[in-house]
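So you can see what is in the structure, the chains are spelled out below.
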Amino acid sequence: MQSNQLQKYPLNEDVINYYMKLAIEQSKIATEKLEVAVGCVMVKFTNNDQDHEIITQSHNKTNQYGNATLHCEINCINQILDKYGQNYDENQIFKQITLFVTCEPCIMCAYSLSLMGIKEVYFGCYNEKFGGNGTVLDLNTANYGANTYPSYGGFLEEECQQVLKQFYEKGNLNLDEDKRHRRKKKEDKHESISS
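Below or above, wherever it landed, is the structure these notes cover.

About the cut-offs
- Residues numbered from 1 in each chain as written.
- Predicted model: local features only at pLDDT ≥ 70, side-chain atom pairs only at ≥ 80, totals over all residues.
- Heavy atoms only, no water.
- Pairing = 2+ DSSP bridges.
- Helix = DSSP H or I, 4+ residues; strand = E, 2+ residues; numbered from the N terminus.
- Salt bridge = Lys/Arg side-chain N within 4 Å of Asp/Glu carboxyl O.
- Buried < 20%, exposed > 50% of the residue type's maximum accessible area, 1.4 Å probe, protein only.
- Contact = heavy atoms within 4.5 Å.

**Things to note about the pairing of strand E2 (residues 51-59)**
Across eight bridges, the pairing between strand E1 (residues 39-46) and E2 is antiparallel. If you follow Lys 44 over to E2, its bridge partner there is Glu 53. Connecting E1 to the antiparallel partner E2 that follows it, the hairpin turn spans four residues, and Asn 47 within it adopts a positive phi of roughly 55 degrees.

Listed below in structure tokens is the structure:
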């Protein structure tokens, strides 16, 4: 953790790290399946956060189904809606659920979590390009006609970054060869210009 070291969290850090490790396991499954290495776990807390149970967990499945919206957070939301049906009581379900995810939710996922009324979010690494929980946009705290929720980042950040880095070092094998390793190509091009 970086900037959050002095901050007190609603949950015990041992509990946070336990569920973050399970989210990291999901991100590793994503890598094995040639998906972008992001994973999450949704946990229901009751009894003043003393009792907790995993409600659902997932990893990205965008390539598997050819659907760019199937980020792990959206998959978990869909699984909960499937389980409880169309007549779910938002206050009884999502208001008690905490999300643990390896990378800060993107703008799409952050707003979806807000619409569903998630209780809170804990994430690993920051999403410098698409972060919707404070890095690019503050969709978790902005009032766009949806709910707001607290979000805390930097948990097991290096481990989360490492899994993503391993995925991107190989290149996204679902892309055409000429589109893989774009960053490396840019760096090579820059080095040849500056030489």
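**Considerations on the sheet that holds E1**
In sheet architecture, strand pairing relies on hydrogen bonds along the backbone and comes in two forms, parallel and antiparallel. Read from one edge of the open sheet, five strands run E2-E1-E3-E4-E5, paired in mixed fashion. At either end of the open sheet lies a strand with only one pairing partner, and these are E2 and strand E5 (151-152).

**Looking at the pattern of salt bridges**
In total, this model carries one salt bridge according to the counting rule given. Two residues, Glu 25 and Lys 28, come together in a salt bridge whose shortest N-O distance is 3.9 Å. Linking Glu 25 with Lys 28, this pair stays in helix H1 (residues 13-32), spanning three residues, or about one helical turn.

**Examining the environment of Gln 57**
Positionally, Gln 57 belongs in strand E2. Classification of Gln 57 as partly exposed rests on a relative accessible area of 33%. Setting aside its immediate chain neighbours within four residues, Gln 57 contacts Gln 26, Cys 40, Val 41, Cys 76 and Gln 79.

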